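# Coordinate analysis (summary)
Letter by letter, the chains look like this.
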Amino acid sequence: MNDFNIKRTKESIKNVLLKDSGMYEIEAKIVSIQQTSGPTIFTATDGTATMELAGFSAPGARTYPEIKEDDVVKATVVIKEKDGRRKNDIVNIGKITGPLRDTVLKDIESRIIERSRPDAVNFLVRSEALDRLKSRFIAVATEIKKAVIEGRPIIVRHHADTDGYSGGIALQRAIIPLIEAQYGTESDVKWYYFARAPSKAPFYEYADVLRDLSSALKDVEKFGQKEPLIILVDNGSTEEDLLSIRKAKIYNAPIIVIDHHYPGEVANGRVKVDDFVDLHINPYLVGYNNTLTAGMLCVELARFLNSKVQNIDFLAGLAGIADRSSGSEFEQYVEIAKSRGFTVEFLNKIALAVDFEAHYLRFMEGWKLVDDLLGADIEKHEKLINLLTEDIEFKLKEQDKVIKKYLKVEELGNGVIVGILDTSLTTHRGEFPAPGRATGMAHDYLKEKHPGKSVVTVGVGPFFVTMRASDSAVRRGFNLNALVKVLKDEFPYGFVSGGGHEAAGSIKFVEGAQAEIVSSIVSKIRSTG
Ligand code: MN
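Okay, so let's go over this structure. Just so it is clear, the model here is predicted, and its values are computed rather than measured.

The rules behind these values
- Residues numbered from 1 in each chain as written.
- Predicted model: local features only at pLDDT ≥ 70, side-chain atom pairs only at ≥ 80, totals over all residues.
- Heavy atoms only, no water.
- Core = buried A, V, L, I, M, F, W, Y, C linked by side-chain atoms within 4.5 Å.
- Buried < 20%, exposed > 50% of the residue type's maximum accessible area, 1.4 Å probe, protein only.
- Helix = DSSP H or I, 4+ residues; strand = E, 2+ residues; numbered from the N terminus.
- Contact = heavy atoms within 4.5 Å.
- Phe/Tyr/Trp six-rings, centres within 6.5 Å; stacked < 30°, edge-to-face > 60°.
- Salt bridge = Lys/Arg side-chain N within 4 Å of Asp/Glu carboxyl O.

## Looking at the nonpolar core
Counting residues in hydrophobic clusters, the biggest one holds 85 residues, and the most contacted among them are Ile144, Ile154, Ile175, Ile231 and Ile350. A per-element tally of this core places helix H4 (residues 162-183) first, with 10 residues. In this structure Ile350 touches Phe314, Leu318, Phe342, Leu373, Leu374, His381 and Ile385, once residues within four positions along its chain are discounted. Formed by 24 residues, the second largest nonpolar core is a distinct cluster that contains Val418, Leu480, Val484 and Val522.

## Things to note about the packing of aromatic side chains
The geometry of an aromatic ring pair comes down to the distance between the two centres and the angle between the two planes. Evaluated as defined, the whole model comprises 13 aromatic pairs. Aromatic side chains Tyr183 and Tyr193 sit 4.7 Å apart centroid to centroid with 15 degrees between the ring planes, which places their arrangement in the stacked category. Of the two residues, Tyr183 sits in helix H4 while Tyr193 sits in helix H5 (residues 190-193), which places them 10 residues apart along the sequence. By the burial criterion, Tyr183 is buried, and Tyr193 matches it. Between Phe356 and Tyr360, the ring centres sit 5.2 Å apart and the planes meet at 65 degrees, which makes this aromatic pair edge-to-face. You can see Phe356 and its partner Tyr360 sitting in helix H11 (residues 344-361), four residues apart, about one turn around the helix.

## Some details on the pattern of salt bridges
According to the stated counting rule, one finds 26 salt bridges in the structure shown. Lys95 is paired through a salt bridge with Asp71; the nearest N and O atoms lie 3.7 Å apart. In this pair, Lys95 sits in strand S6 (residues 85-95) while Asp71 sits in the loop between strand S4 (50-55) and strand S5 (72-82), placing the two residues 24 residues apart along the sequence. Taking relative accessible area as the criterion, Asp71 reaches 13% and is therefore assigned buried. The shortest N-O distance in the salt bridge between Glu335 and Lys338 comes to 3.2 Å. With Glu335 and Lys338 both in helix H10 (residues 328-339), this residue pair falls three residues apart, about one helical turn. A single salt-bridge network, built from bridges that share partners, covers Arg157, Asp208, Arg211 and Asp212.

What follows is the structure, encoded as C-alpha cells:
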C-alpha cells in the first residue's frame, strides 16, 4: 500500500465528507457497529457530522473487535472513489482512554448541543397562540435536530388527510436536508434515518405502532440502531392514542406530538397523554383551539428545524383550507400561499386531490406520489392536480345528486336543522367520496339552503356515525366530544368510542346498538339550545 505516501491531515468529519480522496485523521465517538458479509462498518460522529468507516480483515469477519459502541477513537481513514461510490477505509483505529477521552467526548457533546439549537426564525404569522407555544417549538426542534445528529431514526406518523399530509411533508422537507448534511449527500443513509407514513384512523392506530416497532426493533438488534423518535402529526393528543403511545414507550422510543385535536381537560398546560409523551405541541394546551391546524404548526416547526427549508410556506394555507379552519392565522396563511403563487381555487383542488389519493393509498406511505401532489415536482404539479380534479369533480357531482335525493331533513321550530344521511345506502363502499366526505357535502348543502340556522348533519353507517355541526350549533352548545361521553354512559352495552373536533368527527359503536344510539343522537340534536 502506498497510502502512507499521502499526506495525512487532521480534519472534522464534516470537512472529510466534502473530500473525494485523501488520508485523514479523525477523533470521534462510535455510534453503532454493523457486521456485513464484507467489512465491519463503524458509524462514527465527532459532532460536526457522521461517517461510516469500513474495517476489513476477511469477508464477514469482525474487524477491530476491541472497538465497541460508545468508544471514543482516533482513526486514520483513506477516502477513495471506487466504481462511482465513495469508500472510507480504516487504516488504523485505536481507543482514546483516560482524561483525553473525557476531553474529546466533551468537545463532541458540546458540538452536538450547539448544532441542536433551533434556527433563529420568527413565526410566519402574527399569533398569540403561537407565541404562547414558542418554548414548546424550541424544545421540539432541539429534540429532532439532536436525533438527526445522534443517528436516531425518525418516524413521522400523520393523519391520512390533507392537513396531516401537509404537516408530515413539511417536516420531511425540513428534516431530509438535515440528514443529508449530517451524512453527506452521496450517502443513501437518509432512507435508514427517516420514514413517513399515514395513519388511516384519526389517532395512532395499534396496527401502525406495530408496523413502526417491528421494523425499528429489527434494526436495533441487527445494526445496533437507536430506538426511533416517533413524531405524531395531526394525531397523538387524545386518549385514543394512548395504547399505541404507551406501547412505543415500553420499547424506549421517544415520542413527540404535534396535534390540534381536543386533547381532553387541560390542567396546568398538561393533559392525559402528557404522562407518556416526551414533548407536545397543541394549541389547546395554552388555551386556544383547533383553528391552528397540524399542517400550520408543522410548517412553523419545519422553519425552526431548518431555516433554509424550501417549498413549504403554502402548505399551511392548504392545510387550513382542507381542515376548514377560520380566524386570523388562517387568513394570514392563505395570504402567504397566494403570495407564493397559489390561488384559493388551486389550493382547493390540491386539498381534494390529496384526500382522494389518501383514500386509495390507505396505509401506504405514498412516498413520492403525495409529495408530488404537494408540489415537490413543479412541472408535474399542475398536470397531476388537473388529472385528478377532472375525476373528482365528476364523482362529487354524481354524489351530490344522490345526497339531494336521499338526505332526510328535519326543520325544527327552534331554528335547528337536522340532516340524516344513511351512508351505507348512499355511497359506494370503498370508493371516493367516503361516508365522511359525503356527510360533509350534505352538511354544506343544508347550510347553504338554510342560512342562519343551526345545522347538524349525521352520516349514519352500520357501526358508526360521522357528524358535522355549524358554528351556530356549536354556539348553542353542540359538542361532539361531550356527546361521546354522554352516549358512553347511556349505552354501556354499545361499546361506544370516538370523537374528534367539537364540530366534526365520528362515533363508533357495535352494530347491534346502532338503531338505539342513532335515535338518541337525533333526539339530543333536536333539543340543542
Ligand atoms: Mn387536522
